[in-house]
Protein chains: 2
Amino acid sequence: MNIVIVEDHPLVVQGLVSVLTLECDFEIKGVCSNTLEGIELIRTKHPDIVLIDLRLGKESGLDIIRAVKELNIDSKFIILTSSVSYLDFMMAEELGAEGYVLKESLPEELIYAIRVVGRGRKYYDPELLDYKLKKDENNYNDKLTSREWEVLRKLSLGLNNQQIANKLFISENTVKKHMSQILAKLGLHDRTQAALYVKNLEIVKH
Amino acid sequence: MNIVIVEDHPLVVQGLVSVLTLECDFEIKGVCSNTLEGIELIRTKHPDIVLIDLRLGKESGLDIIRAVKELNIDSKFIILTSSVSYLDFMMAEELGAEGYVLKESLPEELIYAIRVVGRGRKYYDPELLDYKLKKDENNYNDKLTSREWEVLRKLSLGLNNQQIANKLFISENTVKKHMSQILAKLGLHDRTQAALYVKNLEIVKH
DNA sequence: CGGGCAATACTACTTAAGTAGTATTAGAGG
DNA sequence: CCTCTAATACTACTTAAGTAGTATTGCCCG
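Overview of the structure.

Some points on the sheet that holds strand β6 (residues 76-81) of chain B
Residues and elements named next belong to chain B. Strand order in this open sheet of 6 strands is β2-β1-β3-β6-β7-β8, and the pairing throughout is parallel. Each edge of the open sheet carries a strand with a single partner, namely β2 (27-32) and β8 (123-124). Sheet topology places strand β1 (residues 2-6) next to strand β3 (residues 49-52); 4 bridges connect them, and they run parallel. Among the inter-strand pairings, Ile5 is bridged to a residue of β3, identified as Leu51.

Some details on unusual backbone geometry
Peptide bonds are trans in most cases, and residues, glycine excluded, mostly fall at negative phi. Residue and element names in this part refer to chain A. Positioned with a positive phi, His46 is a non-glycine residue whose angle comes to about 45°. By the element assignment, His46 lies in the loop between α2 (35-45) and β3 (49-52). Residue His46 is classed as partly exposed on the basis of its relative accessible area of 46%.

Side note on the interface of chain A and chain B
Opposite the 31 residues of chain A that make contact, chain B presents 31 residues. Of all residues in chain A, A:Leu11, A:Thr192 and A:Leu196 give up the largest surface area on contact with chain B, accounting jointly for 25% of the area buried on that side. Our enumeration of links across chain A and chain B arrives at 0 salt bridges. In this structure, the connection of chain A to chain B is made through 5 residue pairs in polar contact (both at pLDDT 80 or more). Of all elements in the fold, only α1 (10-20), α5 (107-118) and α10 (191-205) of chain A reach the threshold of two or more residues within the side of chain A that touches chain B.

Observations concerning the protein's contact with DNA strand C
What surrounds DNA strand C is a group of 17 residues, the closest being A:Ser180, A:Arg191, B:Thr145, B:Arg147 and B:Ser171. Backbone atoms, meaning sugar and phosphate, make up 60% of the atoms of DNA strand C lying within 4 Å of the protein. Contacts to DNA strand C include A:Arg191, whose backbone N or O atom sits 2.6 Å from a phosphate oxygen. One of the side-chain N or O atoms of B:Thr174 is found 3.2 Å from a phosphate oxygen in DNA strand C. Looking at the surface near DNA strand C, the elements that each hand over two or more residues are α9 (172-186) of chain A together with α7 (146-155) and α9 (172-186) of chain B. Considered class by class, the residues forming the surface near DNA strand C number 2 nonpolar, 9 polar and 6 charged.

Each value, and the rule that gives it
Residues numbered from 1 in each chain as written. Chains lettered and ligands numbered in written order. Predicted model: local features only at pLDDT ≥ 70, side-chain atom pairs only at ≥ 80, totals over all residues. Heavy atoms only, no water. Pairing = 2+ DSSP bridges. Helix = DSSP H or I, 4+ residues; strand = E, 2+ residues; numbered from the N terminus. Buried < 20%, exposed > 50% of the residue type's maximum accessible area, 1.4 Å probe, protein only. Contact = heavy atoms within 4.5 Å. Buried area = accessible area lost by both parts, 1.4 Å probe. Salt bridge = Lys/Arg side-chain N within 4 Å of Asp/Glu carboxyl O. Polar contact = N/O pair within 3.5 Å; in protein donor to acceptor, adjacent residues only side chain to side chain. Near = heavy atom within 4 Å. Nonpolar A, V, L, I, M, F, W, Y, C, P; charged D, E, K, R; others polar.

Interpretation in functional terms is not warranted from these geometric data alone.
Right under this line is the structure:
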């Protein structure tokens, strides 16, 4: 099982190496800490498994997956991250990552995930998977409409309902209606959380 | 140099152990992954240095520092975190942490920090320190008191007043008082704007 | 020692936010 | 043509947020 690691925290790399080299059927073919090097490593080594951190400084590990999938290389990706953000998980899954393991999980779980994914199946963190199933059941997962995004964007500028209403030339009542809808769809409790949600989305995109 | 590690990511612990045991004058006296065990470990082992992660699942490593300082144990604390948030750094410094090292720094930097702090001096991540000096010069940001920053930090997690009160063990009335004060000092109108303000501060360091 | 400030807490009040339910209109699509 | 949905708007209600003013405690500093 050939493995490539893309991870920008040296201590985590150290931990990964010392854990994975104990498994005699694992071989680490390369380590790097940014997206460009990562893509190059995968293109030249054709590893079975790529362990990849979502947040690489200012970059995102998702960009590597996107790029590699387009090159028709069939390496499997296991996301290794400390983010418990459901949004991150959702995006990784949609991009076709075969695995998603949290850094706070035990090394055994990671090793298990590598073997499972190596056999062509998928392994996602159980807690996040549960959460997804619950969301799907309750159909909370609806995406926001374009108008709701507009309201949300105004909110993320720090405007109150009246100001949003003026900007969009609608009544405050309608803004409230949209706002309720937004909170329900995103599973949030108030506008402050919604504003933070948008801000976090913006950070991920960078 | 006796060391205790409080860290909830097993892989990082693995990395730390394999890096620190190479230094023959370092000895790891204990490892744990939550605040209660951490305080107990420090109380019984009296280590010279405590390496401590800021984010321990839902808990905060800062609580350990606060508790230990009250017990009059003179262990030195080095924060080891992946947070590049200036606010986290500021709060750690105010609480009396002797060191602040980012997980994305090289092991050599951590080892250097441990030796420096062991000799009774302080070691803070140079980039964060630069940022602080610049802020202090321009007198931008010393408006809020440390308690107000704590309230603001909780707010930026999306908590409401009652939840903030519970976290900080004070009444909701007091939180409201702080919140009014914060909004007045920052020249903002509501908590959503305050949350966005914090989020923008955090982005500054990216 | 006394002054000032930070932190705590309270009451009482006002306003913004959010929920629930209903209704109308316009447009997209089977 | 009919159905479904998004967008608009309203009322009525409940709760969270924010303001104003007062008071106490503890601490640091000149």
